[in-house]
Amino acid sequence: MSITERLNQDMKTAMKARDKKTLSVIRMVKASMQNEAIKLGKNELSEEEELTVLSREVKQRKDSLHEFKEAGREDLVEELYQEIDILQVYMPQQLSDQELDQIVQETIQEVGASSKADMGRVMSAVMPKVKGKADGSKVNQLVLKQLS
């Protein structure tokens, strides 16, 4: 079942249960996916494109979370945690630290990277492999650690 099909099914369930929070988050994600499809000139997004949109939505909320924490807005922080939890249901299983570390090491060897100057090449090779399965900042930290 594609992400869009799951979203549609869960939206109906949320409507029946009168779960306004879940319904709101699902509608926002569906709107983002629709906007992406229009931008790409397609009727439907591929699984990978859906995952890209979903990852972007999670990242936006995590960035906002950081800003709200600094501003001391605990009411909004709690709300964002709930939204992130709802979105995580649709994300693929996250890679463990060991799995991610292994992928980074293999990619560094494939690319032939030896210093921090090769950071861009390594990141551009790693990110497609872990798309949706790992946070980009975490990958960045691991690559930096391996190359230093």
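In this text, all values refer to a predicted model and were calculated from it rather than measured experimentally. (Residues numbered from 1 in each chain as written. Predicted model: local features only at pLDDT ≥ 70, side-chain atom pairs only at ≥ 80, totals over all residues. Heavy atoms only, no water.)

Q: Describe the pattern of salt bridges, with residues and values.
A: Summed over the entire model, instances satisfying the criterion amount to 11 salt bridges. Between Lys59 and Asp63 there is a salt bridge, with its nearest N and O atoms 3.1 Å apart. Here Lys59 and its partner Asp63 are both found in helix 3 (residues 47-71), four residues apart, which amounts to about one turn of the helix. Here the salt bridges share partners, and the residues they tie into one network are Lys21, Glu57, Arg61, Glu79 and Glu83. (Salt bridge = Lys/Arg side-chain N within 4 Å of Asp/Glu carboxyl O. Helix = DSSP H or I, 4+ residues; strand = E, 2+ residues; numbered from the N terminus.)

Q: Pulling in residues and values, what's your account of the side chain of Arg61?
A: Relative to the assigned elements, Arg61 resides in helix 3. Polar contacts involving the side chain of Arg61 include one to the side chain of Glu57, which spans 2.7 Å. Excluding residues within four positions of it along the chain, Arg61 makes contact with Met28, Leu80, Glu83, Ile84 and Leu87. (Polar contact = N/O pair within 3.5 Å; in protein donor to acceptor, adjacent residues only side chain to side chain. Contact = heavy atoms within 4.5 Å.)

Q: Describe in detail the packing of helix 5 (residues 97-111) against helix 7 (residues 136-147), supporting the description with residues and values.
A: Put simply, helix 5 and helix 7 touch, their axes get as near as 10 Å, and they point 55° apart. It follows that helix 5 is oblique to helix 7 by the angle criterion. In this structure, helix 5 crosses over helix 7, and the sense of that crossing is right-handed. Residues Asp97, Leu100, Asp101, Val104, Gln105 and Ile108 of helix 5 form the contact with helix 7, whose participating residues are Lys138, Val139, Leu142, Val143, Gln146 and Leu147. Its residues placed into classes, the contact of helix 5 with helix 7 shows seven nonpolar, two polar and three charged. (Axes fitted to C-alpha atoms, helices over the stretch in contact; angles between N-to-C directions. Parallel < 35°, antiparallel > 145°, perpendicular 65-115°, else oblique. Left-handed = near helix turned anticlockwise from the far one by under 90°. Nonpolar A, V, L, I, M, F, W, Y, C, P; charged D, E, K, R; others polar.)

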